[in-house]
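Descriptive structure summary
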Amino acid sequence: MQFMLLFSRQGKLRLQKWYVPLSDKERKKISRDLVQTILARKPKMCSFLEWRDLKIVYKRYASLYFCCAVEDQDNELITLEIIHRYVELLDKYFGSVCELDIIFNFEKAYFILDEFLLGGEAQETSKKNVLKAIEQADLLQECTFPV
Amino acid sequence: MPAVSKGDGMRGLAVFISDIRNCKSKEAEIKRINKELANIRSKFKGDKALDGYSKKKYVCKLLFIFLLGHDIDFGHMEAVNLLSSNKYTEKQIGYLFISVLVNSNSELIRLINNAIKNDLSSRNPTFMCLALHCIANVGSREMAEAFAGEIPRILVAGDTMDSVKQSAALCLLRLYKASPDLVLMGEWTSRVVHLLNDQHMGVVTAAISLITCLSSKNPDEFKTCVSLAVSRLSRIVSSASTDLQDYTYYFVPAPWLSCKLLRLLQCYPPPEDGAVKGRLVECLETILNKAQEPPKSKKVQHSNAKNAILFEAISLIIHYDSEPNLLVRACNQLGQFLQHRETNLRYLALESMCTLASSEFSHEAVKTHIETVINALKTERDVSVRQRAADLLYAMCDRSNAKQIVAEMLSYLETADYSIREEMVLKVAILAEKYAVDYSWYVDTILNLIRIAGDYVSEEVWYRVIQIVINRDDVQGYAAKTVFEALQAPACHENMVKVGGYILGEFGNLIAGDPRSSPLVQFNLLHSKFHLCSVPTRALLLSAYIKFINLFPETKATIQEVLRSDSQIRNSDVELQQRAVEYLKLSSIASTDVLATVLEEMPPFPERESSILAKLKKKKGPGAVSVELEDGKERGELNGGGDRGGDAAIAASNASTPSPSADLLGLRSTAPVSGTTPSAGSLLVDVFSEAGPSATSAGVNDDGFLSSAPPTVASEDPAPPLPESDELLNKFVCKNNGVLFENQLLQIGIKSEYRQNLGRMYLFYGNKTSVQFVSFNTTVSCPGELQSQLNVQTKTVEPLVEGGAQVQQVINIECLTDFIDAPLLNIKFRYGGALQNISLKLPVTINKFFQPTEMAAADFFQRWKQLSQPQQEAQKIFKASHGMDTEVLKAKLLGLGTALLENVDPNPENYVCAGVIQTKAQQVGCLLRLEPNAQAQMYRLTLRSSKDTVSQRVCDLLAEQF
């Protein structure tokens, strides 16, 4: 996977994760173009589209669009389920997640994503294991370690 | 603000976020942000040392501001400080900031790397994971230099926690992708491969991504992963849906891992070990069977996960391209999906079928779905799905269905989305050319294309139609007539005017006999469009006019009048003005002879691959049109770039011999023929520009890999010649250059030159795919008695042909004595895993060694009588299978290599020719007479020579040409 974007129906970017080196300017351009392209599509349309030399896989959950860019040989359907599993993880962690949770706790959304995907590849697909890792980290929050 | 905030909340951050959300305008937001930035800056610069919590809060605010899209130019040092905090939560925010806002400030990088080093050696798995995540997120070269040596050790160490192994594997993958030279697996290779056997599914899931990437780059070193992957896959596929506990996803066991395993196997050819292969085939069959079972859940997640595996399995089956049974099953399965109610599945089925269409085993099966696909093109509501349908129609097109598919695509074009029109136009143009059986259909199609979607017809397309019309004399009259009719439309596209101007300028004479399209009518028609056209088109029309003056002297006065008018000769455009002045002068000063020479009909263009393909490829990105060969030249040469049409035409006809069969490269007269590397090669390289370098560059550093490959290929016997090889041979009797053979993988082009009893042939092997051919090997053999008749020497070609590349092979031929059979050319190579074995007849025929002989009528008849013994004569009477156009016949007879003798035969309809066949042993004089009977559409061909076998052979060869 090359990158993942979360954005609202108004086109506001809520999360951006880049797995390939790109300049800040390129990232902004890509996000802008892609958000526009996807928001222009009608609800019943296919979840996949060709975009430049990438395959875009996206799905809308309530007010948020989840969008992944994968390479030519990558599997579209399994990417769609990557998105779904991430949504499940957020949902379980926040308890019936909504867009506001991701706005106000954006750092958590990034931490959960890092436990699930690393370098653009699935690191741990078991829901239990990912949540266990996050909970352990939460438990450590206020502990002080000897340095 | 949400009620849930696990761990510690940062109240100040939440307030700030609320403030931003409450901003009514962009300006208010920027104002609020600037206020916050000033505040944070003063806090960081203040005298009071900040506590960890405040530092964390401010760093987090900066991060938020950055993610909103604003620039952040400070705070990096504070974030780095957080990395060495003894509070986990502060460390975590520090790492997040660094991961998102990478800064290549060398001082900072050193500090960051230090902090990471400490955490990696802390033996605290949570800290280790944080540090690894940071490396994986940043992935810079500095980090690779610092940690690429350490991470493999962590990955394979026995006491590393599973979660750390998972992070280490993917961290290494990111570093390898960014700096492959710094990540050396060496001693760790085997232990990394064995992670496929790990008990922890999460470890396998993470490690396999790394292994797949490494395998694709170094397949040999990692090849032991194949059997491990197969057994892992087999265990998952055969497990019950509950066996894998939390790795089961909506009743599908380990879908991610299954897909990754199937993907890894696509880095390799089919397993050689029979048992492993058997097990794998079983897995693939099970996956195909499961697709037919009723779903275990109605949730879309269930079917998506299941079908993700199915599509990946189909990709593997296509990659192997060696199991006809599985290929056909895959095709049937996709056929079901074509009508599925899920748009996603229809889209993927169309996409996947595109690749199936290029396999010889499944091409026919794919074709059975043509009606469904055409229907999809017409009825799908989503343009991206329609695009896939168009792609598939293009991929499944062959000679049998080309007319139907081209017609459907044309009718779709009338309503097609603007975004895909240009690509559709290119595809139609390519298919029309590739599968044109009769060229009048081709001309109709392209003119329709211009009519329907003129704006989207690029230069390449209309250059190409002209190129083809000029090279195919049998279609010139038809093209002139059709374009003349098309121009009658009151509003026609400018591209139509361009094609019309060019074609009528060259071939308007072919329809001038009909009073309805007399020269003046043609001219007036063209000129009626003139004022509506752009400057380049007007320039082209002016060139057409001067050609008219040559073709039809009766138009001279009218056209001179036009050229002389102020709007031409004083045109404000310099190009137009210059043309008007020059053409006017040329037409008034030059004698008819000079005019006729300067404005000679365009000579044929050298046969080359269509530049439209290159264009389509460029449009779709590499790989997208992998079926096609990339052309050496990017642009159509026609017309020297389009806007200076006539000039180029004039220059070209000046430069070359004004004969329709003249070799544009002048090879016949100039190329020295010798046994060594040709100096004439440079001439050829110009035409097939990519041939030289790619032929020499491959191979050298691949020796180790290659040295083991050729024996396996050589052990396979050459295939028998293809059934169509005689037909292909016949194509080259009267010409020396062109495309000898083409299938979906390979294209073979030929250029050849002959002098006396020697010949040299250049074969150009083009890899039309995006995948390299390995063990590429060609042999030329002379079967039976041909061995003593021809001496053929070849140079070996490099065994590796990169995707899209072309390699060249030189063949030297010496004719020892006259011969009948043709040498056999055998080509073997591996594409993917499958061995390709093709045999063709090399178009070396006895007539290639003709030396034309001019002689007067008396000499001809004297010699004719001398050769009157019955065995010296060979005669055939046969029906015309092409048009009986005079110019075409002449061109073919000249192409045969003989001299065409004028004013010899008392009947001007007949043709007589003479030539001497040069062999090392002897010279064989040869006389020929061809008597066409236009009414009966029959020919009588008579050959006389001093050798019976020669008479017969030349007669046989030539009879196939008309």
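Residues numbered from 1 in each chain as written. Chains lettered and ligands numbered in written order. Predicted model: local features only at pLDDT ≥ 70, side-chain atom pairs only at ≥ 80, totals over all residues. Heavy atoms only, no water.

If you tally the helices and strands in chain A, you get five helices and seven strands. Scanning chain A from its N terminus toward the C terminus, one meets helices and strands in the order β-β-α-β-β-β-α-α-α-β-β-α. Sequence-distant contacts in chain A: of pairs separated by 6 or more residues, those separated by 24 or more amount to 48%. Accessible surface computed for chain A: about 6,000 Å², of which carbon and sulfur atoms make up 52%. (Helix = DSSP H or I, 4+ residues; strand = E, 2+ residues; numbered from the N terminus. Contact = heavy atoms within 4.5 Å. Areas by Shrake-Rupley, 256 points an atom, 1.4 Å probe, with all protein chains shown as cover.)

Turning our attention to the interface of chain A and chain B. Taken together, the 65 residues of chain A in the interface contact 78 residues of chain B. Around 6,200 Å² of area is buried between chain A and chain B when both sides are counted, 55% of it from carbon and sulfur atoms. Interface area lost by chain A to chain B is led by A:L77, A:F104 and A:F106, which between them contribute 11%. Where chain A touches chain B, the interface holds three salt bridges. (Buried area = accessible area lost by both parts, 1.4 Å probe. Salt bridge = Lys/Arg side-chain N within 4 Å of Asp/Glu carboxyl O.)

Another aspect to go through is the pattern of salt bridges. Taken as a whole and assessed by the stated rule, the structure comprises 48 salt bridges over all chains. For B:R944, the salt bridge goes to B:E873, with nearest N and O atoms at 2.8 Å. Of this pair, B:R944 sits in strand β16 (residues 938–945) while B:E873 sits in strand β12 (residues 873–879), and the two are 71 residues apart along the sequence. Taken together, the salt bridges that share partners define one network made up of A:E50, B:R388, B:D391, B:E423 and B:K427.

Within the largest apolar cluster, 277 residues are counted, with the highest numbers of intra-cluster contacts made by A:Y86, B:I116 and B:L449. Once residues within four sequence positions are removed from consideration, A:Y86 is found in contact with A:M4, A:L6, A:L15, A:F66, A:A109, A:I112, A:L113 and A:F116. Residues B:L740, B:I827, B:L896 and B:F962 belong to the second largest nonpolar core, which totals 62 residues. (Core = buried A, V, L, I, M, F, W, Y, C linked by side-chain atoms within 4.5 Å. Buried < 20%, exposed > 50% of the residue type's maximum accessible area, 1.4 Å probe, protein only.)

The subject of this paragraph is the side chain of B:S297. All names here are of chain B. The topology assignment puts S297 in the loop between α15 (274–292) and α16 (300–320). Given the relative accessible area of 14%, S297 is considered buried. Within the structure, the side chain of S297 is placed 2.9 Å from the backbone nitrogen of K299, a separation counted as a polar contact. Excluding anything up to four places from it in sequence, S297 contacts F251 and H302. (Polar contact = N/O pair within 3.5 Å; in protein donor to acceptor, adjacent residues only side chain to side chain.)

Residues and elements named next belong to chain B. Of all residues in chain B, 88% attain a pLDDT of 70 or more, and the chain-wide mean is 82. Scored below 50 in pLDDT, residues 1–7 shows 13 contacts in the model against residues more than four places distant or in partner chains. Long-range and interchain partners of residues 622–715, a stretch whose pLDDT sits below 50, account for 169 contacts in this model, where long-range means more than four residues apart. For this predicted complex, the interface confidence score (ipTM) comes to 0.95, while the overall pTM stands at 0.65. (pLDDT = per-residue confidence, 0-100.)

Our focus in this paragraph is the packing of aromatic side chains. Residues and elements named next belong to chain B. With the rule as written, the count across this model stands at 31 aromatic pairs over all chains. Summarising the aromatic geometry, the rings of F773 and F776 are spaced 6.3 Å apart at their centres and angled 5° between planes, so their arrangement reads as stacked. Across this residue pair, the class does not change: F773 and F776 are buried. The side chain of K91 reaches across the aromatic face of F127, ending 4.7 Å from its centre. The ring of F732 carries K735 above its face, with NZ or CZ at 5.3 Å from the centroid. (Phe/Tyr/Trp six-rings, centres within 6.5 Å; stacked < 30°, edge-to-face > 60°. Lys NZ or Arg CZ within 6 Å of the ring centre and 35° of its normal.)

What follows covers helix α21 (residues 383–396) of chain B. Between the first and last C-alpha of α21(B) there are 20 Å, a value that for 14 residues agrees with the 20 Å anticipated at 1.5 Å per step. Within α21(B), 13 of the 14 residues are buried, which leaves it mostly tucked inside the rest of the structure. (Expected span 1.5 Å × (residues − 1).)

Another point: helix α17 (residues 324–337) of chain B. Residue and element names in this part refer to chain B. The end-to-end C-alpha separation of α17 is 20 Å, in line with the 20 Å expected for 14 residues at 1.5 Å each. Residues of α17 that are buried include every one of L326, L327, A330, C331, Q333, L334, G335 and F337, and no others. Lining the buried residues of α17 we find α15, α16, α18 (343–356) and α19 (363–367).

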